[in-house]
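Structural characterization, general
For reference, the chains in residue letters:
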Amino acid sequence: MGLRGGIVGVNFLVMLGLAAWLGFETFGRLAALWGAGLVAGTLVSVGGPVILLRVLTDGQGLRAADIFRLAVIYPAILALVAWGLGMLIWPALPWLAILGVGFCVNLLGCLASFMRALGSVHLSMALRDAGPQVALGVAGLVLPETGAAGILLLCALVMAGFAVAGLLWAIPQMRGTPVLAQRHRPYLSLALWATSVTGMVVAQIDLILGGAVISGEALGVYALLRRVANLVALPVSVATWISAPAVSAAKGDGDMAALARASAQGSQIAILPGLALFCIAILALPVLPAILPQTAGAVPSMIFGVLLLGALGQVVLASSFTVATLCGLQRLALAARLLMIGLYLAWFVWWGAEMTALTNALGYVGALSLGGLALWWAVWRKLGIDTSATVLWRVKEGQWKTS
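Residues numbered from 1 in each chain as written. Predicted model: local features only at pLDDT ≥ 70, side-chain atom pairs only at ≥ 80, totals over all residues. Heavy atoms only, no water.

**Some details on the overall build of the chain**
Along the chain, the regular secondary structure elements total 16 helices and zero strands. Over its C-alpha atoms the chain spans a radius of gyration of 20 Å, differing by no more than 12% from the 22 Å that the globule rule assigns to 403 residues. With respect to the three principal axes, the spread of C-alpha positions in the chain is 55 × 50 × 35 Å. The buried share of the chain, reckoned over its 403 residues, is 52%. The long-range share in the chain, meaning contacts at least 24 apart out of those at least 6 apart in sequence, stands at 80%. Surface exposure of the chain reaches about 17,500 Å², of which carbon and sulfur atoms provide 70%. Mean positive and mean negative side-chain charge positions of the chain (21 and 12 charges, respectively) differ by 12 Å. (Helix = DSSP H or I, 4+ residues; strand = E, 2+ residues; numbered from the N terminus. Rg over C-alpha atoms; globule rule 2.2 N^0.38 Å. Buried < 20%, exposed > 50% of the residue type's maximum accessible area, 1.4 Å probe, protein only. Contact = heavy atoms within 4.5 Å. Areas by Shrake-Rupley, 256 points an atom, 1.4 Å probe, with all protein chains shown as cover. Lys, Arg positive; Asp, Glu negative; His and termini not counted. Charge placed at Lys NZ, Arg CZ, Asp CG, Glu CD.)

**Focus: the packing of helix H8 (residues 190-213) against helix H9 (residues 216-229)**
Running from N to C, H8 and H9 point in directions that differ by 170°, and their axes come no closer than 10 Å. By the criterion of interaxial angle, the relationship of H8 to H9 is roughly antiparallel. Contacts between H8 and H9 involve Ala203, Gln204, Asp206, Leu207, Gly210 and Gly211 on the former and, on the latter, Leu219, Tyr222, Ala223 and Arg226. Across the contact of H8 with H9, the residue classes break down as five nonpolar, three polar and two charged. (Axes fitted to C-alpha atoms, helices over the stretch in contact; angles between N-to-C directions. Parallel < 35°, antiparallel > 145°, perpendicular 65-115°, else oblique. Nonpolar A, V, L, I, M, F, W, Y, C, P; charged D, E, K, R; others polar.)

**Focus on the pattern of salt bridges**
According to the stated counting rule, one finds four salt bridges in the structure shown. Where Asp66 meets Arg69, a salt bridge forms, and the shortest distance between an N and an O atom there is 2.7 Å. Of this pair, Asp66 and Arg69 both sit in helix H4 (residues 64-89), three residues apart, which is roughly one turn of the helix. (Salt bridge = Lys/Arg side-chain N within 4 Å of Asp/Glu carboxyl O.)

**A closer look at helix H6 (residues 122-142)**
For H6, spanning 21 residues, the distance from its first C-alpha to its last is 28 Å, which sits close to the expected 30 Å at 1.5 Å a residue. At Ala130, H6 shows its maximal bend, which comes to roughly 45°, and the proline Pro132 appears one to four places after that position. (Expected span 1.5 Å × (residues − 1). Bend = angle between axes of the 7 residues up to and from the residue.)

**Some words on the side chain of Asn106**
As for its placement among the helices and strands, Asn106 is situated in helix H5 (residues 95-117). Take Asn106: its relative accessible area is 5%, and that puts it in the buried class. If we ignore the near neighbours within four places in the chain, the residues touching Asn106 are Gly41, Ser45, Pro49, Ala71 and Pro75.

**Things to note about the packing of H9 against helix H13 (residues 300-316)**
Contact pair H9 / H13: the axes reach a minimum separation of 9 Å and the direction vectors enclose 40°. It follows from the interaxial angle that H9 and H13 lie oblique. The handedness of the crossing between H9 and H13 comes out as right-handed. Contacts between H9 and H13 pair Tyr222, Leu225, Arg226, Val228 and Ala229 from the former with Pro300, Ile303, Phe304, Leu307, Leu308 and Ala311 from the latter. Here the contact of H9 with H13 is composed, by residue class, of 10 nonpolar, no polar and one charged. (Left-handed = near helix turned anticlockwise from the far one by under 90°.)

**As for the packing of aromatic side chains**
This structure, assessed with the given rule, holds four aromatic pairs. Pairing Trp376 with Trp380 gives two aromatic rings, centres 5.3 Å apart and planes at 55°, and the pair type is tilted. With Trp376 and Trp380 both in helix H16 (residues 357-383) and four residues apart, this pair spans about one turn of that helix. Overall, the relative accessible area of 35% leaves Trp380 in the partly exposed class. Members of the aromatic cluster, joined through ring pairs, are Tyr344, Phe348 and Tyr364. (Phe/Tyr/Trp six-rings, centres within 6.5 Å; stacked < 30°, edge-to-face > 60°.)

**A look at the side chain of Thr42**
Mapped onto the elements, Thr42 comes out in helix H2 (residues 24-43). Within polar-contact distance, the side chain of Thr42 engages the backbone oxygen of Leu38 at 3.0 Å. Setting aside anything within four residues of it in sequence, one finds Thr42 in contact with Trp193, Ser196, Val197 and Met200. (Polar contact = N/O pair within 3.5 Å; in protein donor to acceptor, adjacent residues only side chain to side chain.)

**Notes on a nonpolar patch on the surface**
A contiguous nonpolar surface patch, about 870 Å² in accessible area, is contributed by Phe68, Ile73, Ile77, Val81, Leu85, Leu88, Ile89 and Trp90. Judged by relative accessible area, Val81 falls into the partly exposed class, the value being 45%. (Patch = residues over 30% accessible without salt bridge, like charges linked within 9 Å, V, L, I, M, F, W, Y side chains within 5 Å.)

**Notes on H9**
Its 14 residues place the ends of H9 20 Å apart at the C-alpha level, agreeing with the 20 Å of an ideal helix rising 1.5 Å per residue. Burial within H9 is extensive, with 11 of its 14 residues counted as buried. Turning to H9, its buried residues are Gly216, Ala218, Leu219, Gly220, Val221, Tyr222, Ala223, Leu224, Leu225, Arg226 and Ala229.

**Regarding the confidence of the model for the chain**
Summing up the model confidence of the chain, the mean pLDDT is 87 and the portion of residues at 70 or higher is 94%. Within the model, pLDDT remains below 50 along residues 396-403, and this stretch shows eight contacts once partners closer than five positions in the same chain are excluded. (pLDDT = per-residue confidence, 0-100.)

Below you can see the structure in the form of structure tokens.
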């Protein structure tokens, strides 16, 4: 948790620094293109990071050639196809920068999953979660005058350097591990790919679509506030990273009791730090109007309060997507995310050009909360496992021990 806090602190400082260095107008443009790059990376990924995390931690492993295809070859082919289509359909967008960032972010994600399977909890987390943001900060610091597209291109090159360094660490660690298999095994999963894509769309849709109707300055303020609010949900990624191997192993063994314990462990890791961060963030509400400009009639504290409630909801339901994705319920996870996207799109269409930063936050948080509750209910019905934090009040007292 300390490492994750440090990573998020670094990412937070990077975003604050970029907002101050570039100005809210350029920062808002960069945030929208960065979100598009993350979505593009998931689209070309073939679900690589999630697939590798699942197949490399179940004791059977995967052939080295298949790992290379999944992490490099397939994404490169799809990125080239996407670039050609993008230039035909919407040539005004900087597709080379968007897809370059997307490919490299996915490459770091695949490498991090591989490193996690080799036993690295800390370095793999740092590579996956801090690598892209640090690369973006370096690029923004070096090339501020080139605009968002130039910054993204340099960011992709920096991430490629990080990937080379990570690979050099991983190669000597493979000896004597079960991650490399000798025989071919099926590994592609359309459901996991679709789940990953919709997950990234959910994570970025408010920035991408909001950027189409909200002014650059307002979008920059909104993006900064959302980044701060996401600090409350940072324990969720820690819980997922730590509990995922246990969830996958329990499902592979058919041990439902162990699966319930792994799910509860994820909730346990997330809830107390999440609540603490939420309470600390609430203290910032009174001072925000004096620090940030008002956006379209809404003071920043109103927007921030809505986003904080949404982040707290993610903490309460921390284990839902982990259990669903790794336990054969990928379709439920996909359906939940499609519900989130559909609800937000309906909200976006309803407001249209009158959308503000505040209404954007309300629609986004509402869509995420309803979709998360729907998945929690569906997993409970299918597996009989409560993936919310409320399970911690019903388990035995010993479950609360951090050991």
